[in-house]
Structure formats: structure tokens, C-alpha cells
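# Structural characterization, general
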Number of protein chains: 2
Amino acid sequence: MKIENTVDAIFTRRVSEVIDEPSIKTKLVSGKQLRIKYGIDPTATSFHLGHTVPLRKMREFQDLGHIGVFIIGDFTAQIGDPVGKSDTRNMLTLQETQKNAKEFVAFASKFIDMSKTEVHFQSEWYNTMTLEKSIRLMATVTKEQLMRHETFRKREKEHKPLGFHEMFYTLLMAYDSVMVHPDIELGGPDQKFNFLITRQVMEKFGLAPQSAMLLKFLSGTDGAEKMSKSSGNFIGMSENPDVQFEKIMKIRDDDIVNFFDLATSVAIEKLQILKSNLESQKLHPIAAKRCLALEIVSQAHSKEEANEADLKFFEAHRQLKNMI
Amino acid sequence: MKIENTVDAIFTRRVSEVIDEPSIKTKLVSGKQLRIKYGIDPTATSFHLGHTVPLRKMREFQDLGHIGVFIIGDFTAQIGDPVGKSDTRNMLTLQETQKNAKEFVAFASKFIDMSKTEVHFQSEWYNTMTLEKSIRLMATVTKEQLMRHETFRKREKEHKPLGFHEMFYTLLMAYDSVMVHPDIELGGPDQKFNFLITRQVMEKFGLAPQSAMLLKFLSGTDGAEKMSKSSGNFIGMSENPDVQFEKIMKIRDDDIVNFFDLATSVAIEKLQILKSNLESQKLHPIAAKRCLALEIVSQAHSKEEANEADLKFFEAHRQLKNMI
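Residues numbered from 1 in each chain as written. Chains lettered and ligands numbered in written order. Predicted model: local features only at pLDDT ≥ 70, side-chain atom pairs only at ≥ 80, totals over all residues. Heavy atoms only, no water.

### Structural notes on the relation of the copies chain B and chain A
Once chain B has been moved 0.0 Å along the axis and rotated by 179°, it coincides with chain A to within an RMSD of 0.1 Å. On this basis, the relationship between the two copies can be described by a two-fold rotation axis. (Least-squares fit on C-alpha atoms with pLDDT ≥ 70 in both.)

### A few points about the pattern of salt bridges
Side-chain pairs of opposite charge can arise whenever the charged atoms involved come near each other. By the definition in use, this model includes 50 salt bridges over all chains. A salt bridge links K27(A) to D183(A); the nearest nitrogen and oxygen atoms lie 2.8 Å apart. Placement of the pair is K27(A) in helix α2 (residues 21–30) and D183(A) in the loop between α10 (164–180) and β5 (184–187), with a sequence separation of 156 residues. Note on accessibility: K27(A) and D183(A) belong to one class, buried. A salt bridge links K143(B) to E156(A); the nearest nitrogen and oxygen atoms lie 2.4 Å apart. Within this pair, whereas K143(B) is found in helix α8 (residues 143–146), its partner E156(A) is found in helix α9 (residues 150–157), the two belonging to separate chains. Look at K143(B) and you get buried, because its relative accessible area is 4%. Through salt bridges with shared partners, one network takes in R14(A), K57(A) and E60(A). (Salt bridge = Lys/Arg side-chain N within 4 Å of Asp/Glu carboxyl O. Helix = DSSP H or I, 4+ residues; strand = E, 2+ residues; numbered from the N terminus. Buried < 20%, exposed > 50% of the residue type's maximum accessible area, 1.4 Å probe, protein only.)

### Structural notes on the nonpolar core
Membership of the largest hydrophobic core comes to 60 residues, with the highest contact counts inside it found for F164(A), F168(A), F164(B) and F168(B). If we skip the residues at most four places from it in the chain, F168(B) touches L131(A), I135(A), M138(A), F164(A), S134(B), L137(B) and M138(B). (Core = buried A, V, L, I, M, F, W, Y, C linked by side-chain atoms within 4.5 Å. Contact = heavy atoms within 4.5 Å.)

### A look at the pairing of strand β2 (residues 35–40) of chain B
In the case of a regular strand, side chains alternate between the two sheet surfaces. All names here are of chain B. With five of six residues buried, β2 is to be regarded as a mostly interior element. Where β2 meets strand β3 (residues 67–72), six bridges bridge the pair, whose relative direction is parallel. Paired with K37 across the bridge in β3 is V69. Pairing of β2 with strand β5 (residues 184–187) involves two bridges; the strand directions are parallel. Residue pairing in the sheet places I36 in a bridge with I184 of β5. (Pairing = 2+ DSSP bridges.)

### Comments concerning the sheet that holds β2(B)
The strands making up a sheet associate through backbone hydrogen bonding, with each pair oriented either parallel or antiparallel. Residues and elements named next belong to chain B. Within the open sheet, the six strands sit side by side as β1-β6-β5-β2-β3-β4. Their pairing is mixed. Only two strands of the sheet have a single partner each, and these edge strands are β1 (15–19) and β4 (117–121). Between one strand and the next, the sheet's axes are offset by a mean angle of 20°, whatever the strand orientation. Contacts from helix α10 (residues 164–180) reach β2, β3, β4 and β5 within the one sheet, and its direction differs from that of β2 by about 145°. (Axes fitted to C-alpha atoms, helices over the stretch in contact; angles between N-to-C directions.)

### Observations regarding the side chain of H48(A)
All names here are of chain A. Relative to the elements of secondary structure, H48 occurs in the loop between β2 (35–40) and α3 (52–63). A polar contact of 2.9 Å, which involves the side chain of H48, links it to the backbone nitrogen of G50. Discounting chain neighbours no more than four positions away, the residues touching H48 are F107, M227, S228, K229, F234, I235, G236 and M237. (Polar contact = N/O pair within 3.5 Å; in protein donor to acceptor, adjacent residues only side chain to side chain.)

### Examining the packing of α10(B) against helix α11 (residues 192–204) of chain B
The packing of two helices is summarised by the inter-axis angle and the distance between the axes. Residues and elements named next belong to chain B. Running from N to C, α10 and α11 cross one another at 55°; their axes reach a closest spacing of 8 Å. Taken together, the axes of α10 and α11 are oblique relative to one another. In this structure, α10 meets α11 at a crossing whose hand is right-handed. Note on element contacts: α11 touches α10 through F193, N194, I197, T198, V201 and M202, opposite T170, L171, M173, A174, S177 and V178. Residues that form the contact of α10 with α11 fall into these classes: eight nonpolar, four polar and no charged. (Parallel < 35°, antiparallel > 145°, perpendicular 65-115°, else oblique. Left-handed = near helix turned anticlockwise from the far one by under 90°. Nonpolar A, V, L, I, M, F, W, Y, C, P; charged D, E, K, R; others polar.)

Nothing here speaks to function; it is geometry throughout.
Dropping the structure here:
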């Protein structure tokens, strides 16, 4: 299966919503090399298949000659909830953060072109940020604007307290963009508010506001709307090939096309054929899942390991193998 | 007229409200040398008689052996409203700030004992404050707590925008106390909210919370509740003796006792006599105002200049002089 990228697919495949699409189109036509930002939270101890959706979108841009810009959120991760934490605890978190960041880069390098990627740690600019600069950052927004954040509104509605520093965190994510001046930022649909604030902050700092692409959530292995570590419905990228293969074979039949669409580079034309063959029952869902599992395990590990996992899986489920 | 200080008078004279009075009383009895904080805004280009009310309260404490701690709010003054200000503009403001601070100290030294006074500039700690420390400061309060500020509530009610940095300023004033660990802070009744937040912030940083004394507002020369520069109803401390004398002779008769009470050190027993003599018309209001003017101009300038202003005033108002 061949990786195919067209400018059209960039705006549609894996995409839930584009913020300021005209500006991206103008830039693409101009031939400018674009900077594609994606920020990650290094408090996560493992990455899963859901994280590959933005990585594949970044790769699509890289295949057109553009630059990926990773932000490792080590500063905010290090601070966490600052109340009641001793300095010793923070030191530990700093080490963890760096370890997790390394793991992320190793994982990401399987999906994107690291020769066209910049990696930045937030601490590059936040360890030396002056109070004056922080206040200039705060002055770019009003309380009312920050309170439009869905999570904040929900807490207000439920009369739950909202730490003043939690409101500030939104601004730190925005300021990352002031520092690395991306053309486009990638993230989940839940990042829409943050991306709009980021655009405002960039403009207040005299920069052209970034565009943004909200990418679709990959479903969980249980059919839930979103794959996530906390829901336990994820396919971990560091899990062994057999576990990954097994988990993919168990996803809901209705999610097969979606998994191919979001979590592989299978060409859109082939997706159409896959879809109609599944609908007309020319293709058995198990055969389709087997292709999916081979594809995904190959990327996470290697073709050889994927083939071994395939053999093991069907050896253990002989009756299933006979069905194909 | 003799300056008299008693522990009783400390809690009542010029005082509108005391926050955590038991803690002050315990400390006074313990014989501990207390630290009395008063913060000033160096954006003001002139000081007026209203500012002498907290200074006289500080002096009362100093006469009992305690230490005055001035905070010059140079950092917040320098930042001001940071939106749209160039660096050049800030440089100018820094110079102005230092000039105004010098003027304030010169003026304050006429009312308090500078040998028992520490002067601190906020910039001592804010110029080098890390972002991590700022976030720890933010984490000491919730959005809900900050929004209890009357000014903020009013703006919310009127649907006027509130800059996120404006909410943060309250925390900077509070953090000043974390840095200089005062036992008591002095301020106007409008500072109550800030002082309560300060107590909370100090506790979150592991310090004993300061007490506070809210001092009464001195009336304006027009009889308004509060003397202030913006209302134009003030007696400026750098105005010349003749102008000061003239302004004091024009205050409302009903405010005479109040001016003696708040803006002079005349003993409380004498205030009682003054009050009853005015009520029984044994004492003409003009004679009382003349005493007041002599007292105030003497402190602002000198006894000699006060006497000269007195002569000039009554020379110019012969008919009034004949009335006494």
C-alpha cells in the first residue's frame, strides 16, 4: 500500500475542522515552506495509536516539503499542580519528563521524517522568562475570553473551584507559538478553544496568527468515541506485537474503515474499495482487520514481527483462519 | 500640642476596621518588635494630606518601638497596562518611578521616624522572579476568590472586560508581604479585599498571615467622602504654604474635628474639648481652622512658614481677623 499525499487530502483526510483554511491555501500556493506545530504532554508514560493521527498529518505535510515542529511541554509538566510539591518532587518530575520526551521522539520517528523536524522543549524559553514578559502575556486576553473554555465553564456551572494558575496554563500553550511561530498547529477537536486563544495571543505579540487543523479522534478498541489511556481502550505503541495484533483483531467491525482512514497511510481510493467490499460482504471483516493489524504492527515494530504475530494469532485461532 | 500614643489609641484613632486584632494584641503584649507595612503607588506625581493618615498611624507604632516597612510599587507602576507600550516608554516610566519614590520618602520623613523605617522597591524581588515562582503564586488562589474583588464584580456586572493581568496584580501586592513578612499592613478601607487575599497567600507560602488596619478616609476640601488627586479636592503636600493655608481655611465646618483627628497628632482629650467648644459655639470655626492650618502647614513646611502664611491670609481677609 502506497503512501499518497495530495493537497486536497491534506484538508480532508483525518481532519475534523480547519481554522483559517484560506490562509493555509494561500501559503501552500506561494511555495513557502510551512511550519507544522504539534505539542505533546510528556507526563504521559506511553503513547498509543491515537497519537499517530496527528503524526500522520504532520508526515503528509513533510512529504510536501514542509517542516514539523514538536513542542515537548516539559515546563508545564514539571510544574504540574504546584501546590504542596517540594523541590525534591520537582527534580524527579524533571527526570521523568526528559525520559518520556525521549520515548516520544523515538516513537514519533517511526511515523514522521525526523530530518524535517525541529524538537523544542518549553523550558528553552520558560526557564528564563521574566515576570514582565509573563504579565505582557497575561495582558493579551481578558478573563471573559479565558472563561469561554468549556472545561472552565463546566466547573463554574458545577460551582467547583478553578485555580487561577490553571487559567494561565492556556496562555503558556499559546506562548509556545509566539516562540516557534508555526503556520499551522495540529491537535484534537478538544483543542479548538486553545488554538483560538493562541491566534489572539500571536496577533497581540505582532505575529501573523497560526492556522489550525483539528484532527478526528480515533475510536477506542471498545468502540468509544476516543481512544485514551485513562479509558483503557488503547493500543499502546510500546506494547508487544502479539498484544497489538490481538487488540486490533478485536475492534468493532463498524470501526474498521475508520481505523484504516485515521491510523494508516492507505490511499483514499483503496479506502473506497475496502469500504464497498465490506458493505457488499465481498471482504470478511476478519480479513480486513488482519490487513489493518499487519499494517499497524509493521509500523510500530517491523514487518517481520508483524508477520510473526499474524502467524501466532491465527495458529491460536485455527477455526478463524479456516473462515478466510 | 503634644503627641500622645497609647496602645488603646492605636486600635481606635484613625482606624475604620482592624483585621485580626487579637493577633496584634498578643504580639504587642509579647514585646516583639512589629513590622508595619505600607505600600505606595509611585505613579502618583504628588502626595496630599490624605496620605498622612497611614503615615501618622505608622508613627504611632514607631513611637512604641516598632518598625515601618515601605513598599514602593515600582514594578507594577513600571509595567502599568502593558498592552501597546514600547520599551522606550517603559524606560521613561522607570525614571519617573524612581523620582516619585524619592519625593515620597522626602515627604514621609516629615511624619515618621526614618531611623525606624525600611524602604523596599518591588523590583528587588520582581526583576528576578522566575515563571515557576509566579505560577506557585497564582496557585495560591482560585478564580472565584479573586472575583470577589468589588471592582472586578462591578465590571462583570456591567459586562466590561477585565484583563487577565489585572487579576494577577492583586497577587503581586500580596506577594510583597511574602517578601517582607509584615505583622500589620496599613491602608484605606478600599484595601480590605487585597489584605484578605494577602493573608491567604502568606499562609499558602507557609508564613503567619499579617493583620491589617483599614484607616479612615480623610474628607476632601469640598466635603466629599475621600480626598483624592483625581477629584481635585486635595491639599497637596508640596503646594506652597499660602495655598495650603487658604485651602484648609475653606474646609467645611463639619469636617474640622475630623481633620484634627485624622491629619494631626493633637491628643484625643484635646479633640474632645475642641469638639464641645465648637458645639457650644465657645470656639469660632474660623479660629479652629486657623489652629488646624498652622498645625498642618508647620508639618508640611515649617513653623515659620506657617506663621507667615497665617499673617498673609488674615492680612488679606482683615474683616475675618476682626471677627476672632
